[in-house]
Amino acid sequence: MAVDLHAHSTASDGSFAPSELVDLAVERRLTALALTDHDTLEGLDEALSAAEDTGIELIPGTELSLGYERGGMHLVVLWLQPGNGPLQDKLAGLQSGRETRNFRIVEILQEHGMDVTMDEIEAEAGGGTIGRPHIAAVMIEKGYVEDMRAAFDDWLGNDSPAYVNRPRLNPEEAIDLARQSGAVPILAHPHTLGVRRSREMAELLDRLRDAGLVGLESIYASYRRHEREGYSDLARRFGLVPSGGSDFHGTYKPGLDLGIGYGDLGIEESVLEELRGFAVQ
Ligand code: AMP
Ligand code: ZN
Ligand code: FE
Ligand code: FE
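Q: Explain the overall build of the chain to me, and be specific about the residues and the numbers.
A: For the chain, the count of helices and strands is ten helices and eight strands. Expected size for 281 residues packed as a compact globule is a radius of gyration near 19 Å; at 18 Å, the chain falls within 12% of this value. Its C-alpha atoms put the chain at 50 × 45 × 40 Å along the principal axes. Expressed as a percentage of its 281 residues, the buried residues of the chain come to 56%. Within the chain, contacts between residues at least 6 apart in sequence are counted, and of these 71% link residues at least 24 apart. Surface summary for the chain: the accessible area is close to 12500 Å², and the carbon and sulfur share equals 46%. Side-chain charges in the chain split into 25 positive and 48 negative, and the spacing between the mean points of these groups amounts to 8 Å.

Structure below.
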């Protein structure tokens, strides 16, 4: 019996509607699925009602991009209930910063001679929160880049010509808001932090754990076995729960399957039970 604690739907930059994601979770025989769309809780009502009577536990959540100089710091937040609350109330502001950024990215692409419009990107996103993968999809469609990787490497990624920053919560603030909201914050895919030295990683994990961090995403689809073990050991050493997720995005991450990752994911239910102990319902 496996669970998946990190997945995206059409409410952000996944290609499956929330209810389709639940159907897929049933097909993959998962017992629990967390919907963690970027900066939004929009998909949760649909997902929660689709999950009723399926035997799948749908865990409401989101994924936040935090302010961190060194690299990409993402926070998966589980058991964040739709409606109002300390963290919930911050999401609208994050979305408007995202919108301003998206417009600026499109301007830059146009300045470089690309015929890419906001209308096309909105159509690609289908009404959900717009992310860089949607912009990339339009660039691919129009033949400006070969694939997702090239879109990020050549244009949209950090330090690329069309990279534009946006307002983010700082790590301590986000972790604290999550806990105040009764939710469970987990540091996502730690390899993107850009922290190589173990001393520096130790300082960071100490700092974030003291701020209220609960989990470290250790069982991640793209990690090899020794990495999963390494991050799980690291989590335990710092009093964190080794969480796991596929980071499923449907067609926006080709070859990556829900619950299964690239074939060998398999996140145990016991991790979910440990994390659940920190949720305040
Ligand atoms: P955004 O939230 O709009 O800044 O977009 C971030 C999303 O873009 C991530 O969650 C990934 O799904 C995707 N992404 C980021 N970097 C890359 C990359 N180098 N290659 C492919 N997808 C990426
Ligand atoms: Zn994404
Ligand atoms: Fe992420
Ligand atoms: Fe994600």
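Q: Break down the coordination of the zinc ion (ligand 2) for me, citing the residues and quoting the values.
A: Every protein donor of the zinc ion (ligand 2) is accounted for by Asp13 (OD), Asp13 (OD), His38 (NE2) and His249 (NE2), and the metal-donor separations fall at 2.0 to 2.5 Å. All donors of the zinc ion (ligand 2) belong to a single chain; written as a sequence motif, their spacing is D-x24-H-x210-H. In this structure, the zinc ion (ligand 2) is positioned 5.8 Å from the iron ion (ligand 3). Of this pair, His38 sits in the loop between strand S2 (30–35) and helix H2 (44–51) while His249 sits in the loop between strand S7 (241–245) and strand S8 (267–268), and the two are 211 residues apart along the sequence. In this structure, His38 and His249 share a single accessibility class: buried.

Q: Report on the packing of helix H3 (residues 91–111) against helix H5 (residues 132–141), specifying residues and quantitative values.
A: Running from N to C, H3 and H5 point in directions that differ by 25°, and their axes come no closer than 11 Å. Here H3 is positioned roughly parallel relative to H5, judged by the angle of their axes. H5 is crossed by H3, and the crossing has right-handed handedness. Touching Arg101, Asn102, Ile105 and Leu109 of H3 are Arg132, Ile135 and Met139, all from H5. Tallied by class, the residues present in the contact of H3 with H5 amount to four nonpolar, one polar and two charged.

Q: Summarise unusual backbone geometry; cite the residues concerned and give the values.
A: Backbone geometry at Arg29 places phi at a positive 60°, although glycine is not the residue there. Here Arg29 shows up in the loop between helix H1 (18–27) and S2. You will see that Asp53, though not glycine, has its phi angle at about 70°, which is positive. A relative accessible area of 83% means that Asp53 is categorised as exposed.

Q: Explain the pairing of S2 to me, using residue names and the numbers behind them.
A: Where burial is concerned, most of S2 is hidden: six out of the six residues are buried. As judged from the four bridges shared by S2 and strand S3 (residues 57–66), these two strands associate in the parallel manner. Along S3, the bridge assignment pairs Leu33 with Leu58.

Q: Account for the site of ligand 1, naming residues and giving values.
A: Taken together, the residues surrounding ligand 1 are Asp13, His38, Arg98, Arg101, Gly131, Arg132, Pro133, Phe152, Arg166 and His249. A distance of 3.1 Å separates an oxygen atom of ligand 1 from a polar side-chain atom of His38. Measuring from an oxygen atom of ligand 1, one finds a side-chain N or O atom of Arg101 at 2.8 Å. Alone, ligand 1 offers 500 Å² of accessible surface; in the complex the protein occludes 76% of this. Comparing atom positions with the cavity grids shows ligand 1 to sit within the largest pocket. Elements represented by at least two residues in the shell around ligand 1 include exactly H3 and H5. Residue composition of the shell around ligand 1, grouped by class: two nonpolar, three polar and five charged.

Q: Tell me about the nonpolar core, and name the residues and values.
A: Side chains of a nonpolar character, in soluble globular proteins, are inclined to be buried together. Leu64 and Leu258 are the most contacted members of the largest nonpolar core, which has 50 residues in total. Looking at this core, the element that brings in the most residues is helix H8 (residues 198–211), giving five residues. With near-sequence residues (within four places) excluded, Leu258 lies in contact with Asp4, Ala7, Leu21, Leu24, Ala25, Arg28, Leu30, Leu33, Ser246 and Phe248. One finds Ala136, Ala137, Met139 and Met148 within the second-largest nonpolar core, a separate group that totals 24 residues.

Q: Run through the packing of H1 against H2, naming residues and quoting values.
A: Packed helices, taken two at a time, are described by their axes: the angle between them and the distance between them. At a minimum axis distance of 8 Å, the contact between H1 and H2 shows a crossing angle of 35°. Remark: the crossing between H1 and H2 carries right-handed chirality. Of the residues in H2, those in contact with Pro18, Ser19 and Val22 of H1 are Glu46, Ala47, Ala50 and Ala51. Classifying every residue of the contact of H1 with H2 by side-chain character gives five nonpolar, one polar and one charged.

The rules behind these values
- Residues numbered from 1 in each chain as written.
- Chains lettered and ligands numbered in written order.
- Predicted model: local features only at pLDDT ≥ 70, side-chain atom pairs only at ≥ 80, totals over all residues.
- Heavy atoms only, no water.
- Helix = DSSP H or I, 4+ residues; strand = E, 2+ residues; numbered from the N terminus.
- Rg over C-alpha atoms; globule rule 2.2 N^0.38 Å.
- Buried < 20%, exposed > 50% of the residue type's maximum accessible area, 1.4 Å probe, protein only.
- Contact = heavy atoms within 4.5 Å.
- Areas by Shrake-Rupley, 256 points an atom, 1.4 Å probe, with all protein chains shown as cover.
- Lys, Arg positive; Asp, Glu negative; His and termini not counted.
- Charge placed at Lys NZ, Arg CZ, Asp CG, Glu CD.
- Donors = N, O, S within 2.8 Å, 3.2 Å for Na, K, Ca; no water.
- Axes fitted to C-alpha atoms, helices over the stretch in contact; angles between N-to-C directions.
- Parallel < 35°, antiparallel > 145°, perpendicular 65-115°, else oblique.
- Left-handed = near helix turned anticlockwise from the far one by under 90°.
- Nonpolar A, V, L, I, M, F, W, Y, C, P; charged D, E, K, R; others polar.
- Pairing = 2+ DSSP bridges.
- Near = heavy atom within 4 Å.
- Polar contact = N/O pair within 3.5 Å; in protein donor to acceptor, adjacent residues only side chain to side chain.
- 1 Å grid on protein atoms, 1.4 Å probe; cavity = no way out; pocket = protein on both sides within 12 Å on 5 of 7 lines; lining within 4 Å.
- Sits in = over half its atoms within 2 Å of the grid points.
- Core = buried A, V, L, I, M, F, W, Y, C linked by side-chain atoms within 4.5 Å.

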